[in-house]
Structures are given as C-alpha cells and as structure tokens.
Amino acid sequence: MPNAKNSVKHVLFGSLIGTTIEFFDFYIYANAAVLVFPQLFFPSSDNTLATLQSLATFSIAFLSRPLGSAFFGHYGDKIGRKFTLVAALLTMGISTVAIGFLPSYASIGVAAPLLLMLCRFGQGVGLGGEWGGAVLLAIENAPPNKRAWYGMFPQLGAPIGLLLSGGTFLLLTDTLSNDDFMNYGWRIPFIASSLLVVIGFYIRTKITETPSFENSKKEQEEVKIPFLTLIKSYKNQLIFGTFAAVTTFLVFYLMTVFTLSWATSDLGFAKRDFLLIQLFSVLFFAAFIPISAVVADIIGRRKMLIIATTAIAVFGFAFSYFLNSGSSVMITVFLCTGMALMGFTYGPLGTFLSELFPTVVRYSGASLTFNLAGILGAAFAPMIAIWLASTYSLTYVGFYLTIAACISLFALLVINKEEHKF
C-alpha cells in the first residue's frame, strides 16, 4: 500500500501533473517545429529544407534525454526520487520558458537557431530525468496487483499534454491573425508554461520518498555508480528493453509530427483542420492507456505489449491506403486507429521497463531504456519518414513502422525479465 505519508491521491496526481507539464512543454515545441520555426529560425527558399532543418532541432532533445537519464538517474538512485523529480521539472521548465523569449533569425542571424538548439537540449535533459522518476513515484507506491494501473497515470500525461499544447496552438491561430501569431502569438504557450511549472513544483515538494527507496536505504542496498552497474549486470534488460520500446516512440511521432507536416504541405489540408483531426485522435490515445493497464495487470505487462506491437506491425501495411485516400473521414479513422494502438503499447510500458531493474538502479535503468528508445524510435523519425515519402512513397513509411514493430516484438520475446523486490 502507499506510504502512510503519501495518500493515493497525492501519489497519482503528483506523478501525473509532472509528466503533463513535461509533455506539454515537449509538444508545444513539436507543433512549433512544424508550424513556426521553419519560417522564423531557418529561412530558406525551399520549404521542405527549412522544415527538415527545424525538425533536426526537434531531434536534439532525444539525443540529450539519455544524458538527463544518466545524470538524474544517478542522483535518483543515490539520494532519492523526490529531489531529483523537482530538479528535472525545473530544468525542463526553464528551458521551455526561455524559448518564448528567443529573438528570430531576422534579428540576430545564426545565433537564433543556435540558442534554440541550446534550449531544446535543456528540454531533453529535463525530460530524460522526469519520466523515470514520475513512473517510479507511482509504481513504487503501488500494490503488487495494480502496478500497471498506478504506472499508467504518468503515461496519461502524454495525451493530456498533447491536448493542452494542440488546443493552445489551435486557440491562438483562431484568435490571432497569421502575422500576429508569427510575430508574438507562438511565444505565449512557451511563456505560459511557467505557471504549470510552479504548480508542479509545489505538488512535488509535498510528496515524500517512495517506500521501495526507503526500504532499500534501510537495508543498505546501494551501488556506487548506478550507470556502471547497469552496464555490467543488466545489459540484457538495457539493450532489449530499449528495442522493445522503439515502436512506441515511432508510431507516436508518425501519427503526430510527420502526419501534421505531410498533410499540411503535401496533402493540401489547412493547418487548423488537421490539428482538429489530430486533437480528436488524441482522445483515443488517452482512452486506451487505462484500458491497456487494466488488461496488463490481468495478463501481464509483456503479453500486453506483445499483442499491441503485433497489431502495430499489421497497421503499418495500411499506412498509405488511409493517408493517400484524400478522404478526411479515412484519414481521421487512420489517426484514431494509430493513436488507439499507441495507447495500448504506452499504457503498460513504464511499468514493464521499471520492473526490469532492482530498486538500486531502477531510476537509471528505466529512464535510460525509455530515452535510448526515443533516440532510435523518434529522434530522426519525422525526417526519415518525410524522406521516404518524398523519395519513394507513403507505402515505405508504413514498411518503416512494420519493420520497427518486428524488431520490438523480437526484443519482447527474448528479454530476460527477472522478478525484483519492490
């Protein structure tokens, strides 16, 4: 049962609010990378080139996330989850607010994209430390038969953050002229995120350490350098856990960043219309996260992920059929199906990855597997997908997804999953 000092409500809300803020910050950058930054930070006569340059800065955060995982994971395993969660939240928040104040390329030239990349790097470091700690806050306070249920609350931060960020951009584009939006409107969500950070900071400071971490300290179960212990003793879990999570990242960023870019630049959709379709599809993402968690607590986390990953592999073959249809209804069905599958795989993922490691290296292990998978599955996914679709066809983007799902399926089947004390 939860620590006597931590009520169930505080534990679950504390894990949810942090990831909601983190993913809100992360996704407003994703929206801006497609809708704003190509024009303001990467001026080019070739729109596709400007978009690819902008998406390259989007990738920086995925490359810096493992650094955040290693840094915050080290202190999370050594001195505790609480302090580390607060520090990660502030790192992400400060980096995001700073983006809202950056001058454009027209004002300071090449320094503008360089500063943007620095802020994006900070976002990645913060998120690299945030996610693992939020998941552990939930599952290390959970009853054994409800770990997936508790572990899905921080996962819900992803669709909630996406709804907030997408809704904010939609509201701004509806209420401001295009000139006003490009001049100052896009900055509003970045700066306004400071209010969410203050709320998250307050809630996080009210939560005490998890029972698992406290018990580990009492029993003097400690390793000197968690990262080195991971490499030495948990290579199998680290490697195959990373590949098991790759498809989760890929399907999400294909359904969001890639489809938004492709639909508005090549399929003729107005940005507002497609954002509305995407926001509707996110409801399916949110709905299937708790459903998958309930099933995962019954049949097991690995079995749930195997089923979801198999379904994603099949879905890849239908990619071009739906997206090339030219029908808003068909494309809506396509996005809703993809997001539902994302919910099925994302819901139990945090619990599954956390259960691969013992308490003394759990923060580092879960964070690193998750964020290394982000590099492989998402860092360059929008750029690869745009290149495949432009050079060959959308069919090859579907093949890309199916191949990744097959790799994840293999990893799920061969991973060594030991039982660890919580």
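Just so it is clear, the structure is predicted and the values come from calculations on it, not from any experiment. (Residues numbered from 1 in each chain as written. Predicted model: local features only at pLDDT ≥ 70, side-chain atom pairs only at ≥ 80, totals over all residues. Heavy atoms only, no water.)

Enquirer: So what exactly am I meant to see when it comes to the overall build of the chain here?
Expert: In terms of regular secondary structure, the chain is built from 20 helices and 0 strands. Dimensions of the chain, computed from the C-alpha atoms along their principal axes, are close to 65 × 45 × 35 Å. For the chain, the proportion of its 422 residues judged to be buried stands at 60%. Contacts in the chain between residues far apart in sequence, at least 24 positions, make up 86% of those at least 6 positions apart. About 15,800 Å² of surface is accessible on the chain, with carbon and sulfur atoms providing 69% of the total. Averaging the locations of the 25 positively and 20 negatively charged side chains of the chain gives two centres separated by 8 Å. (Helix = DSSP H or I, 4+ residues; strand = E, 2+ residues; numbered from the N terminus. Buried < 20%, exposed > 50% of the residue type's maximum accessible area, 1.4 Å probe, protein only. Contact = heavy atoms within 4.5 Å. Areas by Shrake-Rupley, 256 points an atom, 1.4 Å probe, with all protein chains shown as cover. Lys, Arg positive; Asp, Glu negative; His and termini not counted. Charge placed at Lys NZ, Arg CZ, Asp CG, Glu CD.)

Enquirer: Would you take a moment to explain the pattern of salt bridges for this structure?
Expert: For side chains of opposite charge, pairing can occur when their charged atoms come near one another. Applying the stated criterion across every chain, the model contains 7 salt bridges. Note that R147 and E355 form a salt bridge whose closest N and O atoms lie 3.2 Å from each other. With R147 in helix α7 (residues 147-175) and E355 in the loop between α17 (349-354) and α18 (359-379), the pair connects residues that are 208 residues apart, well separated along the chain. For the pair shown, R147 and E355 are each scored as buried. Two residues, D297 and R301, come together in a salt bridge whose shortest N-O distance is 3.0 Å. Using a relative accessible area of 22% as the deciding quantity, one classes D297 as partly exposed. Given a relative accessible area of 11%, R301 falls into the buried group. (Salt bridge = Lys/Arg side-chain N within 4 Å of Asp/Glu carboxyl O.)

Enquirer: What is the right way to read the layout of surface pockets from this model?
Expert: Over the atoms, a rolling probe the size of a water molecule traces out where space has been left empty. Each pocket or cavity is described by its volume, and for the largest pocket that value is around 380 Å³. Forming the walls of the largest pocket are 17 residues, and the residues nearest its centre are N47, T48, T51, S261 and S265. Looking at the lining of the largest pocket, the elements that each hand over two or more residues are α2 (37-40), α3 (47-78), α12 (235-265) and α19 (381-391). Within the lining of the largest pocket, the residues separate by chemical class into 6 nonpolar, 9 polar and 2 charged. Approximately 190 Å³ is the volume found for the second largest pocket. Lining the second largest pocket, in full, are L35, Q39, T173, D174, L176, N178, F181, M182, K271, R272 and L275. The set of elements that each furnish at least two residues to the lining of the second largest pocket consists of α7, α8 (178-185) and α13 (271-299). (1 Å grid on protein atoms, 1.4 Å probe; cavity = no way out; pocket = protein on both sides within 12 Å on 5 of 7 lines; lining within 4 Å. Points joined across faces, edges and corners; volume = space filled by probe spheres on them. Nonpolar A, V, L, I, M, F, W, Y, C, P; charged D, E, K, R; others polar.)

Enquirer: Would you take a moment to explain the packing of helix α11 (residues 226-233) against α18 for this structure?
Expert: When two helices pack together, their arrangement is given by the angle between the helix axes and by the axis-to-axis distance. Running from N to C, α11 and α18 cross one another at 75°; their axes reach a closest spacing of 9 Å. Between α11 and α18, the angle falls in the class roughly perpendicular. Only V360, V361, S364, G365 and L368 of α18 make contact with α11, whose side of the interface consists of P226, F227, T229 and L230. (Axes fitted to C-alpha atoms, helices over the stretch in contact; angles between N-to-C directions. Parallel < 35°, antiparallel > 145°, perpendicular 65-115°, else oblique.)

Enquirer: What is the right way to look at empty space enclosed by the protein in this model?
Expert: Throughout the structure, instances matching the rule amount to 4 cavities of 30 Å³ or more. Estimates place the volume of the largest cavity at around 130 Å³. What lines the largest cavity is a set of 15 residues, among which N31, L162, T256, L260 and Q278 lie closest to the centre. Sorting the residues of the lining of the largest cavity by element identifies α1 (8-35), α7, α12 and α13 as the ones contributing at least two each. Per-element tally for the lining of the largest cavity: the top contributor is α13, with 5 residues. The residue makeup of the lining of the largest cavity, split by class, is 10 nonpolar, 5 polar and no charged. Approximately 90 Å³ is the volume attributed to the second largest cavity. Every residue lining the second largest cavity is listed: F23, Y27, R65, A158, T248, F249, F252, Y253, M342, Y346 and F370. When contributions to the lining of the second largest cavity are tallied by element, the ones reaching two or more residues are α1, α12 and α16 (328-346). The dominant element in the lining of the second largest cavity, judged by the number of residues it contributes, is α12, at 4 residues.

Enquirer: Help me out: how do you make sense of the packing of aromatic side chains in this one?
Expert: For any pair of aromatic rings, the description rests on two quantities: the centre-to-centre distance and the angle between the ring planes. As enumerated under the stated definition, the model contains 31 aromatic pairs in all. Aromatic side chains Y27 and F252 sit 5.3 Å apart centroid to centroid with 35° between the ring planes, which places their arrangement in the tilted category. Here Y27, found in helix α1, pairs with F252, found in helix α12; they are 225 residues apart in sequence, far enough to count as distant. Of the two residues, Y27 and F252, neither departs from the other in class, the shared state being buried. (Phe/Tyr/Trp six-rings, centres within 6.5 Å; stacked < 30°, edge-to-face > 60°.)

Enquirer: Could you clarify how one ought to interpret the nonpolar core in this entry?
Expert: Nonpolar side chains in soluble globular proteins generally cluster together in the buried interior. In this structure, V36, F37, Y253, F258 and Y346 are the most contacted members of the largest nonpolar core, which totals 134 residues. Leave out the neighbours within four places in its chain, and Y253 touches F26, Y27, F58, F62, F258 and A378. (Core = buried A, V, L, I, M, F, W, Y, C linked by side-chain atoms within 4.5 Å.)

Enquirer: Any chance you could explain a nonpolar patch on the surface here in plain terms?
Expert: Taken together, I239, F243, F317, L376, W387, Y392, Y396, F399, I403 and I407 make up a surface patch of nonpolar side chains, about 1,000 Å² in accessible area. Where the nonpolar patch is concerned, the elements lending two or more residues are α12 and α20 (394-414). For the nonpolar patch, the element with the highest residue contribution is α20, accounting for 4 residues. As for its placement among the helices and strands, Y392 is situated in the loop between α19 and α20. For Y392, a relative accessible area of 48% gives the class partly exposed. (Patch = residues over 30% accessible without salt bridge, like charges linked within 9 Å, V, L, I, M, F, W, Y side chains within 5 Å.)

Enquirer: Where do I start with the packing of α3 against helix α6 (residues 111-139) in this structure?
Expert: As a packed pair, α3 and α6 sit with axes 6 Å apart at the nearest point and diverge in direction by 40°. Overall, the two elements α3 and α6 adopt an arrangement that is oblique. The way α3 lies across α6 gives a crossing that is right-handed. Of α6, the residues touching α3 (which contributes T57, F58, I60, A61, F62, S64, R65, L67, G68, S69 and F72) are L116, M117, R120, F121, G124, V125, G126, L127, G128 and G129. Taken together, the residues that form the contact of α3 with α6 break down as 11 nonpolar, 8 polar and 2 charged. (Left-handed = near helix turned anticlockwise from the far one by under 90°.)

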